[in-house]
Each structure stands twice: as C-alpha cells, then as structure tokens.
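Chain and residue survey
The residues making up each chain are set out below.
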Amino acid sequence: MSAMKMKALMTAALVAFALNGQAKVRLPHILGDNMVVQQNTQVRLWGWAKAGSKVNVKTSWSDGVESTKTGKDGRWMVKVATPKASYEPLSITFDDGDGVVVLQNVLSGEVWVCAGQSNMEMPMKGFGNCPVEGYNEEVIDARQYRGIHYVKIPSEMRVEPQEDALCEWKENSPETIGDASATGYFFAQMVNRALDVPVGLIMANKGGSRVESWLTKENLEKYTDEPTDSAGIVRFKPEYDYYRALLWGNGTFNPILNYTIKGILYYQGCSNVGDPGNQYSERMKILVDQWRKQFDLGEIPFYFVEIAPFHYDNVNADNASRLREQQYRASTIIPNSGLVCTNDLVYPYEKTQIHPAQKRQVGQRLAYLALNKTYGMTTVGCLSPSFKDMKIVGNTVDIHLNNDLGAINRFEDIQGFELAGEDHVFHPARAEHFWQPGGGYWDETIRITSPDVKQPVAVRYCFKNFQIGNLKNAAGLPLFPFRTDNW
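Here's what I pulled together on the structure shown here. Within any chain, residue numbers begin from 1 and follow the written order of that chain's sequence. In view of the model being predicted, local features appear only for residues whose pLDDT reaches at least 70, and side-chain atom pairs are presented and counted only at 80 or more, with totals across whole chains, interfaces and linings using the full set of residues. Neither water nor hydrogens contribute to the side-chain values; these are computed over all heavy atoms in the structure.

**Focus on unusual backbone geometry**
The backbone phi angle of Lys237 is positive, close to 45°, even though this residue is not glycine. Here the phi dihedral of Asn336 falls at roughly 50°; this positive angle occurs in a residue that is not glycine. The topology assignment puts Asn336 in the loop between helix 9 (319–333) and strand 13 (337–340). Secondary structure elements are taken from DSSP: a helix is a run of H or I of four residues or more, a strand is a run of E of two residues or more, and numbering for both begins at the N terminus.

Set out below in structure tokens:
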C-alpha cells in the first residue's frame, strides 16, 4: 500500500473517531457489519462512550437489553448470549443516549484466529511469484461459501499494546476471496462443509515474524534475553523489522483479545530456524499459555503447522529439521493442541520457494484436527503417523509407527529413510512394509536396510532441510520427519 493511500485511510479513521466520539457510542473496528459471533456462548462486546454514560445493547435475536455504565475512561463492556449458528442475518444495536450504532449482516457461527507468519498471511491470490494452487476454481466457487467471513488486522508495530486496529469484516465472494488467508480459507471451507455453519476468520499475522514477535513484554523479560526497550529491539537485525520482538503482538494481536473465539490456527517457524536446544518449543508453550490467558476463554484449541521443506541455503543440512523436531515436541507439551505435517506438500521444484503453492491441504488438515478434536467428528482421521520404536537385528532395522490408523499407504518404493552406523554417516536406505507376527496379531512394521551400513545404529526419515517423503497412513496423512539419534 502506498504511503499516500495509508495516510488517507488513517485520516479517514481519525475523522470517524472524532465524529463518533462527539455524537455516539464508539466501537472497535473489529466489531462491525458482516462479523461472525461465536455461537451458543456469551460473547464480549465493548467500546467507548462519554464517561459515566449508560450504554444499552440490543440484539435482533433476543427481547432483552444488556446495559452497562462507562467508567471514568469511557470504556464499557457487556456480554450477550448468542444463538445457535445459522445463515440468518442478525443485527446488534448500541445506544448511549447521544446516538445509535447498528451492526448489520452479523452471523452466528464458529470463529477462529489465523496467526503466524507469511505462510498463514499468504492470501488466496498469492504473493508476487508465489501463487496458490487452485485459485481460479475457488474464485468461481466463492458464492457457494458466503457463510465464510473474514477480517484482516493490519500488520503494524507498536511500542504499547493497542486496543483498536483499522480493519473491516468481509463477506466471501468472487470479489473478496483473493485477500483471505489461503490456509485459513481452506480451513473455513472444510468446516463450513462439514458442520454447515458460518465460519469467521480473524487474520492477525505478520510475514517473517518470530515466536518472540508475539510475546508480551512481561514474558519476554521473564523467559528470554530479548531486549524490550525500543532502541534494543531495533538494534536486533535492524535491516529486518519483521524479526522484532514484542512490537507485532502489541500492534497486530492485542486489538483482537476481547473478541470471543473458538480457537487459534498458527503457521510460523521459518524465522526461528537455528534456535538452540528446546528453546523454540518452550517459547511456543509460553505463547500459547499467554494467549489463552489473554483471551480468558479457557484452554481453547491451538492447532499449528509444521514448516515445509525448504533449502535454507543447504538442502542437505538439518537446521530446519531440528526446528520441525521442536514443533513436534511443542505438540506434546501444549495441552489441547495438534500439529499438521507438511512434508509432502511441496513440489521438487520448490526447494527455494518459502511459500509453497499447496495451501488447500494445509487448511484441510487443520480442519481435520478441529473436526475430530474440537467438534467431535471422531471418524475423521486427523493425526499424522510418528515414530514409535525400533529394533535392530543384524543389518536390519524394524520400526513401528504411532497413528498409522490401521494401514500405511504403500508397500513399495518408500522414500525418505536413511541409516547410519557407528561412524554417524547416513546413507540412503531401502524401506519395505513387513507384517511381523506377535502377540496373536500381525504387527505393521517398516523394515529398513542399506548395503552401505552393515551394523546400523540410527534411522532418520526426511531429516533434512529439503527432503520429500511418501509414507502416509490410512487417512493419507504423511509421516512426521524424525531421527532416532541425538547427534
């Protein structure tokens, strides 16, 4: 966006602020026409009015009126009970005695936040030289999904936490679909189809951001050595403002924290590749704990995405694999969470493409997690297989998997495995399906051998920056990259 256009928008917002402040109750921009409210719960509605004034809130679906008085600072908040999800347009009326504000075309449904960095931010129309696969078809079909609404929070840095952001809810259509988060949109599309309810997406993210970008000042000072003063923050990689801690959370995420949501979708990690030890997974847990406390909605679900294969300057190095390993660890220490594997969602020619085109499957796999774990559709397979255990017999290694869901996708041409001996040198390995008798049943086993490793001691699967495997479970979900060594 040009500086002139941005200035014009800011000026218009300030004028609107002034007019509203003089004549009537004022709402944050995230409360607006076309918004989706979380169904069957108590949702928060809030804003500002003249200090000491009474604010009445009336909904079209209820005969009652919720009333409150503003404090000395003019702030107010009420909670209203929302109806069961439907596509019936609703309205909400706010009256402080000096003026009335009415929100139209409000829907009741399921509301999810789309957080993280550029692969979550990536819109349906794509970035420059980064297309989203299937975009034209989705534009053509967009009118079938009018129940999907979204709001994009501007990516802005602020030293202090912000209470409002210039944003606007949009109803899905061929004209608006292009600006929606592709990952978020495909998630919403699947949930809409499965549950037949409206879905609202709140897109609060920033390309290139680190996990530290979203932590509060208190958490940064308590758990990290990140600077929290303005000068110190700017000095950290000054040429890359998207790496800055604290500021993006203050400007981009804080304005949504009063909104009542169902859960959070998160796609981030590329900018933390190279972090030492368990630092990333520990900070992820801190962030999720922070957001759950800030939203004050209990242990809301948190579903996130593994970083996709990418060269990171060396396709055969493993620094990105170690970050993926940390993401998997995070999924085991964060309650009510789930991780989507993306090892198969790049094309061979995308080694240097940090924004892979296959976003449909990413969004759908997030939806599988939500449908199974949050909405109770337990017949939907949602978990990728992961390494369980191994047994070494001579020059052969047998491994077993968690969550194969009763089958693997192939018996032959299994790609991605490597073996190493005591010399710690890994060699490409042959992997075959093997039914191993035991305990009165046939045990699904993957048998691994390599002519270059006579006495194997360790196995790796796609444990490189860029390596595409092809082993999947009965639900077509790919095996998480793993290693059995700690070298």
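**A closer look at helix 8 (residues 279–295)**
A helix's residues, less one, multiplied by 1.5 Å, set its expected span. Given a rise of 1.5 Å per residue, 17 residues ought to cover 24 Å, and the 24 Å separating the end C-alpha atoms of helix 8 matches this to within 8%. Each residue gets one of three labels from its accessible area relative to the maximum for its type: buried under 20%, exposed over 50%, partly exposed in between, using a 1.4 Å probe on protein chains only. All buried positions along helix 8 are accounted for by Tyr280, Ser281, Arg283, Met284, Ile286, Leu287, Val288, Gln290, Trp291, Arg292 and Phe295. A positive backbone phi angle near 55° is found at Asp296, which sits one or two residues after helix 8.

**Section: the packing of aromatic side chains**
In this analysis, rings of Phe, Tyr and Trp, with Trp reduced to its six-membered ring, are considered paired at centre separations within 6.5 Å, and the interplanar angle assigns stacked below 30 degrees, edge-to-face beyond 60, and tilted for intermediate values. Tallied over the entire structure, the rule returns 23 aromatic pairs. Centroid distance Trp169 to Tyr259: 6.0 Å. Interplanar angle 35°. Geometry classified as tilted. Here Trp169, found in strand 9 (residues 169–171), pairs with Tyr259, found in the loop between helix 7 (247–253) and strand 11 (263–267); they are 90 residues apart in sequence, far enough to count as distant. For the pair formed by Trp169 and Tyr259, the shared burial category is buried. Here the aromatic rings of Tyr347 and Tyr349 are separated by 5.3 Å at their centres, their planes lie at 10°, and the arrangement is stacked.

**Description of the packing of helix 8 against helix 9**
Helix axes are fitted to C-alpha atoms over the stretch in contact, other axes to C-alpha atoms as well, and angles between N-to-C directions run from 0 to 180 degrees. For the pair helix 8 and helix 9, interaxial distance at closest approach is 8 Å and the crossing angle is 40°. Accordingly, the angle class assigned to the pair helix 8 and helix 9 is oblique. Viewed along their axes, helix 8 and helix 9 form a crossing whose handedness is right-handed. Across the interface between the two elements, Gln279, Tyr280, Ser281, Glu282, Met284 and Lys285 from helix 8 touch Leu323, Gln326, Gln327, Arg329, Ala330 and Ile333 from helix 9. Residue polarity follows a fixed list, in which Ala, Val, Leu, Ile, Met, Phe, Trp, Tyr, Cys and Pro are nonpolar, Asp, Glu, Lys and Arg are charged, and the others, Gly among them, are polar. Residue composition of the contact of helix 8 with helix 9, by class: 5 nonpolar, 4 polar and 3 charged. Angular relationships are summarised with four words: roughly parallel below 35 degrees, roughly antiparallel beyond 145, roughly perpendicular across 65 to 115, and oblique for the angles in between. A crossing counts as left-handed when the near helix is turned anticlockwise from the far one by less than a right angle, and as right-handed when that turn is clockwise. The criterion used for residue contact is that any of the two residues' heavy atoms lie within 4.5 Å.

**Things to note about helix 10 (residues 359–374)**
Taking 1.5 Å of rise per residue, 16 residues should cover 22 Å, and helix 10 covers 22 Å from first to last C-alpha, within 8% of that figure. Those residues of helix 10 that fall on the buried side of the exposure criterion are Lys359, Val362, Gly363, Gln364, Arg365, Leu366, Ala367, Leu369, Ala370, Leu371 and Asn372. For helix 10, the elements touching its buried residues are strand 7 (100–116), helix 2 (118–121), helix 4 (182–195), strand 11, strand 12 (302–305) and strand 13. A positive backbone phi angle near 80° is found at Gly376, which sits one or two residues after helix 10.

**Brief notes about the nonpolar core**
Formed by 71 residues in total, the largest nonpolar core has its most connected members in Ile30, Ile202, Tyr259 and Tyr266. Judged by nonpolar contacts, the second largest core, of 41 residues, contains Met124, Phe186, Val305 and Cys382. For the purposes of this section, nonpolar cores are sets of buried Ala, Val, Leu, Ile, Met, Phe, Trp, Tyr and Cys residues that join through side-chain atoms within 4.5 Å.

**Quick word on the pattern of salt bridges**
What counts as a salt bridge is simple: a side-chain nitrogen of Lys or Arg found within 4 Å of a carboxyl oxygen of Asp or Glu. All chains considered together, the criterion is met by 26 salt bridges. Here Arg365 makes a salt bridge to Asp344, at a shortest N to O gap of 2.9 Å. Of the two residues, Arg365 sits in helix 10 while Asp344 sits in the loop between strand 13 and helix 10, which places them 21 residues apart along the sequence. With a relative accessible area of 9%, Arg365 lands in the buried category. You can call Asp344 buried: its relative accessible area is 12%. Among the ionic contacts, a cluster of salt bridges with common partners joins Asp318, Arg322, Glu325, Arg460, Arg483 and Asp485.

**Structural notes on the sheet that holds strand 16 (residues 417–420)**
Here the rule is simple: two strands pair whenever DSSP picks up at least two bridges between them. One open sheet holds the 4 strands; their spatial order is 17-16-20-21, and the pairing between them is antiparallel. Edge positions in the open sheet fall to strand 17 (426–428) and strand 21 (482–483), since each of these has one partner strand only. Across 4 bridges, the pairing between strand 16 and strand 20 (residues 458–461) is antiparallel. Across the sheet, Leu419 pairs through a bridge with Val459, a residue of strand 20.

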